[in-house]
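Examination of the molecular architecture
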Amino acid sequence: MATKETRRTRIKRSVRSKISGTSERPRLTVFRSNKQIYAQVIDDTTGKTLAAASSLKLTDASPKKELAAKVGEIIAKNAQEAGIQVVVFDRNGYLYHGRIKELADAARNGGLKF
């Protein structure tokens, strides 16, 4: 029987075999822990992180979905400052639901296209 972690790893490998970030269209990847949420814009051809944001520095005691939306706005702003308009979204094996969806919607509203 597969645990949640092994299931997510299998899905992640499947998704990553199909998508990759280029310099023209980098990959926006999301990592979710029990308490925090992180987002990075990565160029896989060079292996460089172009922009990053996380809920670590947000000090307000908001619900997790609201923190995810704030991180989405921050990553969109950081990516645009780095000159990035279009990305490929990598949900990293997580279901497109809840905090992942909130982050993606906020990044789209912030100006990123994916």
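Everything quoted here is computed from the prediction, not taken from an experiment.

Relative to the helices and strands, Asp90 resides in strand E4 (residues 88–90). Engagement of the side chain of Asp90 in a polar contact is seen with the backbone nitrogen of Asn92, the distance being 2.9 Å. Sequence-distant contacts of Asp90, defined by excluding residues within four places in its chain, comprise Val15, Arg16, Ile19, Arg27, Leu28, Thr29 and Val30.

Moving on: the sheet that holds E4. With respect to topology, four strands assemble into an open sheet ordered E3-E2-E1-E4, the strand pairing being mixed. Bordering the open sheet on either side are strand E3 (48–54) and E4, each of which pairs with just one other strand. The mean angle between the axes of side-by-side strands here comes to 20 degrees, regardless of whether they run parallel or antiparallel. Relative to strand E2 (residues 37–43), strand E1 (residues 27–32) runs antiparallel, the two being bridged by six bridges. Counted as the bridge partner of Phe31 is Tyr38 from E2. Across the sheet, helix H2 (residues 64–81) touches E1, E2 and E3, and the angle it forms with E3 is around 145 degrees. Strands E1, E2 and E4 of the sheet are contacted by helix H3 (residues 99–109), whose axis makes an angle of about 145 degrees with E1.

Right, let's talk about the nonpolar core for a bit. Counting residues in hydrophobic clusters, the biggest one holds 21 residues, and the most contacted among them are Leu28, Ile37, Val41, Ile75, Leu103 and Leu112. Sorting the residues of this core by element identifies E1, E2, E3, H2 and H3 as the ones contributing at least two each. Sort the elements by how many residues they give to this core and H2 lands first, with five residues. Apart from residues no more than four positions distant in its own chain, Leu103 is found in contact with Val30, Ile37, Ala39, Ala68, Val71 and Gly72.

Cut-offs and rules
Residues numbered from 1 in each chain as written. Predicted model: local features only at pLDDT ≥ 70, side-chain atom pairs only at ≥ 80, totals over all residues. Heavy atoms only, no water. Helix = DSSP H or I, 4+ residues; strand = E, 2+ residues; numbered from the N terminus. Polar contact = N/O pair within 3.5 Å; in protein donor to acceptor, adjacent residues only side chain to side chain. Contact = heavy atoms within 4.5 Å. Pairing = 2+ DSSP bridges. Axes fitted to C-alpha atoms, helices over the stretch in contact; angles between N-to-C directions. Core = buried A, V, L, I, M, F, W, Y, C linked by side-chain atoms within 4.5 Å. Buried < 20%, exposed > 50% of the residue type's maximum accessible area, 1.4 Å probe, protein only.

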